[in-house]
Each structure stands twice: as C-alpha cells, then as structure tokens.
Amino acid sequence: GCARDWDGLTCWPRATFGEVVKIPCPQFFEEFTNTHGSFLQRNCTQEAHWSEPFPPYTVACGFDEGSSKGPEDQKSYYSAFWRVYTAGYAASVTSLVTALIVFAAFRKFHCTRNYIHMHLFVSFILRAIAVFTKDAVLFADETMDHCLMSTVACKAAVAFFQFSILANFFWLLIEGIYLQTLLLLTFVSSKQFVWWFIFTGWGAPAAVLFAWVLTRIHQQNTGCWDDDENGVVLWIIKGPILITVLINFIIFINVIRILVHKLKSQEGGGSHSSHFVRLAKSTLLLIPLFGVHYIVFAFFPESTGLEARLYIELGLGSFQGFVVALLYCFSNAEVQTELKKQLCKWQHQEYLTFTHKHGTLSRENSPVNYVTQLSLLEKISPKRKTSGYHNGVTTV
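The structure displayed is predicted, hence computed values, not measured ones.

Peer 1: Give me the lowdown on the overall build of the chain, citing residues and values where you can.
Peer 2: Looking only at helices and strands, the chain has 13 helices and four strands in total. Of the contacts formed within the chain by residues at least 6 apart in sequence, a portion of 67% connects residues at least 24 apart. In the form shown here, the chain has an accessible surface area of approximately 23,400 Å², with 65% of it arising from carbon and sulfur atoms.

Put into structure tokens, the structure is as follows:
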C-alpha cells in the first residue's frame, strides 16, 4: 500500500492499493478563504504511489492563485507574528523572574498573598518556556515531515504546553478566589489556605493532563498530539479551562458588587475608602488576566475569528506575564519603598567603606606618621643599642 505522506500542507494517512482517501481541507485555508467543509481526495495507485490531490487545493479549498493574500503572504505574516509573541514571552520571563527574586529576597514580603502571586508567576514562566520548547521541537525545521513525526519528545513538549496552560488558568482562578476572600474576611493568615491553594493550583492541572494523555493514547494517538482533536479529547482540556474562566467571571462581578457596597457604606470612609479604591483599581486591571475574553470565543467554532484569536491569545497573551509582574510587584508601593530603603542602605555602606579606606590611606601617608615610624625604628635599631652599651662602659 501507500505509506503516510506529508505533502507540505496536510498529512495523508496510510492506504491500501486502490483505496481513495478523503480528508477535509487544512484549517488554515479558512483564514483567508470563504470555503468551509470542503474535502480533498487522493488515490493509492497500484504502483504504490499517491496520485495528485483532486480536486486541487486551489479548487477544493477555495484558494485563488491570483489572490494577493496567498500562502507566502500568510507565512510572512506568521513569521512576523512569531517575532512579536517571542519578544512578549521573553519580556514576561525576564520581569517575572525579577519579581520572584524580589519577593523571595525580602522577608517582609513572605506572606500568603505574595506566596500566591509567586505561584502565579511560576505558572506564567512555565507557559513561556512551554511555548519556546514547543516551537523548538515542532517548528524549528521547515522540512520536517509532520506526518511521520511521532516521537516521545514532541508528545512530551505538547503535553507540557497543555499543562502550563491549565496551570496558568487555575492559578488565575486562585487569585480571583483569594481576592474575594480578602473582601469577605478581615484576616486570611492561616497556612492551611496556602496548602489548599497549592494543591488546587498544581494538582488539578496535573489530574486533567493525566486524563488527557490517557485519552490521547487510547483514542487519538496520532502525530505529535498537536493535530485537530475530536470532541472528547478537545473538551478534556477546554472544559476545565472554560469552567475556571466562568467562575472567575462570576467572582469578578461579585467583587465589583462588594467593592461598590463597601464604598457606599458609612464604614468605607477615611483611610478604608482609599484602601478599597486601590483594590478596585487592581481588580479592574485583572479583567484581562481572568481570561473573561475567552468566554466570547468558547461558544464559537475554532475556525471563527482566527485572526482575533491570534492577536488576543498569542499577541496580547504573551505580554500577560509582564503585566502581572508590573501589577503585583513593580507598581506595588510596598515593594518600591523596600527597594528604595535597600538601595539607600547599599549606598550608605559603600560610602562608609570608601570613607574608611580613604581615612586609612590618609593616616598612612601622613608626615606625622612618618616621624612616628622613624622614632620606632630608632628605638629598635641594633646600632643604637650597641652605641648605648659603649657609652655605658666609658662612663664606668
């Protein structure tokens, strides 16, 4: 029969002699054509060779060769887009690692709130690393046969990518839960909350990923697990993410309601009022971080609004980590005050060290010090001792 074949656009499965294989048009054609649900066919000839696709891609997939927005233009567009989200993830990783160092270095920041922030930072770092790893393993070589490529390494890269996405959404959910808890309760200092948050933030994504991997192995163990998934496999990942987003949306509405109630109440006056205003500003900045915009796309087919999805999920999403670090660390008044104190302390220590060294050198180079050193040399000089001895004998 005919072996699997990668024609540069799609993967054709293995077929027997004389068999006609029918597959849908590649999904990316729908981005720049109005054709949906079309199919291509190829015949496995008696000579064990694949025939040319019929109808051709230009006819079946609605692509006009004279169009100004062809595959080469799309390739150039995706290449430029790759540079954008690579720069975004690089900026996010740099800022998040810096924020982690700041929170870990100062004991003043060791509290439940910042522990949750640090785990959120780690989830964003893992997400960026997963994107870089997936790009390096799957798309580094343009001549790679994606039809025959089905290694443990590439499957592990895709699985790690799925885990990082799940962990990211679950820790965003925990941030929302903790934010509402702060508004409902006066103090949240028990370490028991932290361990429950950690168990949920990392354990739930691991459980979902385990179920997804088992389903993939037994139901759709094809390629590098990066192809189009069937309904069951797709919703194992998409379902929990959608649930976390919906819960976060409800939390967001409830948080706004609580804040408005507290600001209108008599108890919200004075210093408490300014505190809740600052918290409200932070909450409004968390709107894109809670992933509310994913609800808009969740109920539409994957082919709907692909360009908008790319801008939001890859373009803007790659800078999410940078915004998180800026919001929770670098724009935090407590962090800025502590960093200024540490900077002043370092400058003061350097000044004292410089003054001490300068004073020591000045004393060593002083003329008085030279006279003192000469006097000491005269006292311990052997010649002086011998001269004194002779003078003593003469006197006797």
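Peer 1: Describe in detail the packing of helix α3 (residues 112-138) against helix α10 (residues 320-330), supporting the description with residues and values.
Peer 2: Between two packed helices, the angle of one axis relative to the other and the distance separating the axes together describe the packing. For the pair α3 and α10, interaxial distance at closest approach is 10 Å and the crossing angle is 160°. Classified by the angle between their axes, α3 and α10 sit roughly antiparallel to one another. In this structure, α3 crosses over α10, and the sense of that crossing is left-handed. Seen from α3, the contacting residues are H117, L120, F121, F124 and R127; seen from α10, they are Q320, G321, V324, A325 and Y328. Counted by class, the contact of α3 with α10 contains six nonpolar, three polar and one charged residues.

Peer 1: Explain the environment of A91 to me, using residue names and the numbers behind them.
Peer 2: Secondary-structure assignment places A91 in helix α2 (residues 71-105). A C-alpha to C-alpha distance of 9.9 Å links A91 and V323, two positions 232 residues apart in sequence.

Peer 1: Go over the state of the cysteines, please, and point to the residues and values.
Peer 2: This structure, assessed with the given rule, holds two disulfides. Put simply, C2 and C44 are joined by a disulfide, and their sulfur atoms are 2.1 Å apart. One quick way to see it: the torsion about the S-S bond of C2 and C44 is about 95°, and its sign makes the bridge right-handed. Of this pair, C2 sits in the segment before β1 (5-6) while C44 sits in the loop between β4 (39-43) and α1 (57-60), and the two are 42 residues apart along the sequence. C44 carries the same exposure label as C2, and that label is buried. Shown here is the disulfide that connects C154 with C224, its sulfur atoms set 2.0 Å apart.

Peer 1: Which residues make up the packing of α3 against helix α4 (residues 152-184), and what are the values?
Peer 2: With their axes 8 Å apart at the nearest point, α3 and α4 run at an angle of 155° to one another. Looking at the two axes, α3 sits roughly antiparallel to α4. Between α3 and α4 lies a crossing whose hand is left-handed. In terms of residue class, the contact of α3 with α4 is made up of 21 nonpolar, seven polar and four charged.

Peer 1: Break down the nonpolar core for me, citing the residues and quoting the values.
Peer 2: Counting residues in each nonpolar core, the largest one holds 52 residues, and the members touching the most others are F103, L120, F121, W171, W212 and I241. Looking at this core, the elements that each hand over two or more residues are α2, α3, α4, α5 (191-219), α6 (231-264) and α10. Per-element accounting of this core gives the leading share, 14 residues, to α4. When near neighbours in sequence (up to four residues on either side) are disregarded, F103 contacts F109, H110, N114, H117, M118, F121, Y328, C329 and V335. I23, L40, W50 and A60 belong to the second-largest nonpolar core, a separate cluster that totals twelve residues.

Conventions and cut-offs
Residues numbered from 1 in each chain as written. Predicted model: local features only at pLDDT ≥ 70, side-chain atom pairs only at ≥ 80, totals over all residues. Heavy atoms only, no water. Helix = DSSP H or I, 4+ residues; strand = E, 2+ residues; numbered from the N terminus. Contact = heavy atoms within 4.5 Å. Areas by Shrake-Rupley, 256 points an atom, 1.4 Å probe, with all protein chains shown as cover. Axes fitted to C-alpha atoms, helices over the stretch in contact; angles between N-to-C directions. Parallel < 35°, antiparallel > 145°, perpendicular 65-115°, else oblique. Left-handed = near helix turned anticlockwise from the far one by under 90°. Nonpolar A, V, L, I, M, F, W, Y, C, P; charged D, E, K, R; others polar. Disulfide = S-S within 2.5 Å. Buried < 20%, exposed > 50% of the residue type's maximum accessible area, 1.4 Å probe, protein only. Core = buried A, V, L, I, M, F, W, Y, C linked by side-chain atoms within 4.5 Å.

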